[in-house]
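# Structural characterization, general
The chain contents come next:
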Amino acid sequence: MTTVRTTPPPRLPVRDKAAAQDRGWGGVSPMLTRLAAERATGVLVRERGTLHLAEGQVVHAESPSAPALDVLLSTRGTLHAHTDTTAGPTAGLTADTTTEAGPRRSAPGAGGRHRDGRVPVDGGRPTPGALELCHLVALYDAAYFALAPSSTPGRFRYGTAEGPGAVRPVPVDALERETLRRRDLLHRIWPDPRTDGIPLVRAEAVAAPALTARRRAVLALVDGVRTASDIARELGRPAFHTLVDVRRLVAAGVVAPGPRTPAVPLPPELAGAGDPGHTDDPNITLLKRLRDALEAL
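Scope of this entry: the structure provided in the associated data block. The structure displayed is predicted, hence computed values, not measured ones.

### Focus on the overall build of the protein chain
- Scanning the protein chain for helices and strands turns up nine helices and 11 strands.
- Within the protein chain, the fraction of its 297 residues that count as buried is 41%.
- For the protein chain, contacts bridging at least 24 residues in sequence account for 69% of all contacts bridging at least 6.
- With an accessible surface of roughly 16,700 Å², the protein chain has 57% of that area assigned to carbon and sulfur atoms.

Structural data, given as C-alpha cells:
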C-alpha cells in the first residue's frame, strides 16, 4: 500500500493583537491607519459618521450621534467644560486638570477657563484659543461615534479636506487611542451598550442615590422617547459626556433602556424591491462580501 503525503496548506496570516496593543493604535480602523500612513487627504465615510483628513491627519469629524460645534456653542452661548466627563487628549493643548475621563485642557493664548467652567469669550464670541478648544472637543466627540464598530466597510474619497477644519490637526494615533480609552471608560461604568442608542426610560430605584446637578438635568429629559444623543442636543453637551452620565444613571438603577420597537417585516413580494442590488444568488452574495472585505483592508 502506497502512502501519499500531501503538503499542508500555508497558515493564514493572523493579526498580532499583542503587537497592536504595544503600538497603542491601529486596531480601531485599519483603513484609517493606512490612510494616515500614506498621508492621504480626503473624506472617510463610515456607517456612523465621517472623518475629514488632510495629509493623513484628522481635521474635522461629523456624526449624526454627536451635536455639531454650532449646537454646542449656540445652545447656551458657550461650551461648558464639564468637570467629570471632559474629553481626553486634545492635541497641542496644555493640561490643567486630570479627571477619570481624561485630562482637562486649556488652549494656549486663550487665557484659560473661567472659574465656572466656561470657555472665555471676547465681545460675545469665543476667543480664538477657546474656539480651537471647542472645535477639538467636538472633533473627538464626533470621531468617537464615527469610529464605532460598523456592519459596512468605510469608503474614502480622495480630494481636498472639507469642513471647517481644526486649527491643530489631530494625529490618527492620538484619535484612536482616545477612542479606545473612551470605550473602556464606558465599559467600566456599565458594560451594556444598549443604553447608548435607544430611547431611555426611568426606573424605580429601591434607594435612589443623590444625583449631581448635571445628572439631574439628564434625568429630567428621560421620557421614553429621547435617546442619549437627543438629550445631549437638548442640553448642548458633547454626546460622549452624556453617555457617561446615562451609564452612571443606569448603574445607579435610576434609568433603564426602553423596549426596542419591533421592525415590521415587508411582504415577500416587496422584500428587496427598494434595493436594486438585492439578490438571492448565493454566489453573488459571496462575491459582494469578499469585495467589502477587500475594501476594508
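There's more to say after this.
### Examining the environment of Arg48
- Inspection of the secondary structure puts Arg48 in the loop between strand 1 (42-46) and strand 2 (49-54).
- Owing to a relative accessible area of 34%, Arg48 belongs among the partly exposed residues under this scheme.
- A C-alpha to C-alpha distance of 7.0 Å links Arg48 and Pro64, two positions 16 residues apart in sequence.
- What Arg48 contacts, discounting residues up to four positions off in sequence, is Ser63, Pro64, Ser65, Phe145, Ala146 and Ala148.
- One polar contact links Arg48 to Ser65, side chain to side chain, over a distance of 3.2 Å.

### Comments concerning the sheet that holds strand 1
- Spatially, 8-1-2-3-9 is the arrangement adopted by the five strands of the open sheet, whose pairing is antiparallel. For this open sheet the edge positions go to strand 8 (155-158) and strand 9 (170-171), each flanked by a neighbour on one side alone.
- Across five bridges, the pairing between strand 2 and strand 3 (residues 57-62) is antiparallel. Following the sheet pairing, Leu51 is matched in strand 3 by Ala61.
- Most of the contacts of helix 2 (residues 30-37) go to strand 8, to which it runs at about 25°, and overall it touches strand 1, strand 2 and strand 8.
- Sheet contacts for helix 4 (residues 128-146): strand 1, strand 2, strand 3 and strand 9; angle to strand 3, the most-contacted strand, approximately 75°.

### Structural notes on the packing of aromatic side chains
- Under the defined criterion, the tally for this structure stands at three aromatic pairs.
- Between Phe156 and Tyr158, the ring centres sit 4.7 Å apart and the planes meet at 90°, which makes this aromatic pair edge-to-face.
- Here Phe156 falls in the buried class, since its relative accessible area comes to 17%.
- Given a relative accessible area of 55%, Tyr158 falls into the exposed group.
- Grouped by ring-pair contacts, the aromatic residues Tyr144, Phe145 and Phe240 constitute a single cluster.
- Sitting above the plane of the Phe240 ring, Arg182 keeps its charged end 4.6 Å from the centroid.

### Considering the side chain of Arg214
- Tracing the sequence through the fold places Arg214 in helix 6 (residues 213-220).
- Looking at Arg214, the relative accessible area reads 13%, which means it is buried.
- Polar side-chain contacts of Arg214 include one of 2.4 Å to the side chain of Asp245.

### With respect to helix 8 (residues 239-251)
- Its 13 residues place the ends of helix 8 18 Å apart at the C-alpha level, agreeing with the 18 Å of an ideal helix rising 1.5 Å per residue.
- Helix 8 sits mainly inside the fold: 11 of its 13 residues count as buried.
- Of all the positions in helix 8, only Ala239, Phe240, His241, Thr242, Leu243, Val244, Asp245, Val246, Arg247, Leu249 and Val250 are classed as buried.
- Tucked into the core, helix 8 has its buried residues touching helix 4, helix 5 (172-189), strand 10 (200-202), helix 6, helix 7 (228-235) and strand 11 (255-257).
- One or two residues past the end of helix 8 sits Gly253, with phi positive at roughly 80°.

### Considerations on the pairing of strand 1
- Along strand 1, four of the five residues are buried, which leaves the element largely enclosed by surrounding structure.
- The turn joining strand 1 and strand 2, which pair antiparallel and follow one another in sequence, is formed by two residues.
- Strand direction decides the pairing type here: strand 1 and strand 8, joined by four bridges, are antiparallel. Following the sheet pairing, Leu44 is matched in strand 8 by Phe156.

Parameters and conventions
Residues numbered from 1 in each chain as written. Predicted model: local features only at pLDDT ≥ 70, side-chain atom pairs only at ≥ 80, totals over all residues. Heavy atoms only, no water. Helix = DSSP H or I, 4+ residues; strand = E, 2+ residues; numbered from the N terminus. Buried < 20%, exposed > 50% of the residue type's maximum accessible area, 1.4 Å probe, protein only. Contact = heavy atoms within 4.5 Å. Areas by Shrake-Rupley, 256 points an atom, 1.4 Å probe, with all protein chains shown as cover. Polar contact = N/O pair within 3.5 Å; in protein donor to acceptor, adjacent residues only side chain to side chain. Pairing = 2+ DSSP bridges. Axes fitted to C-alpha atoms, helices over the stretch in contact; angles between N-to-C directions. Phe/Tyr/Trp six-rings, centres within 6.5 Å; stacked < 30°, edge-to-face > 60°. Lys NZ or Arg CZ within 6 Å of the ring centre and 35° of its normal. Expected span 1.5 Å × (residues − 1).

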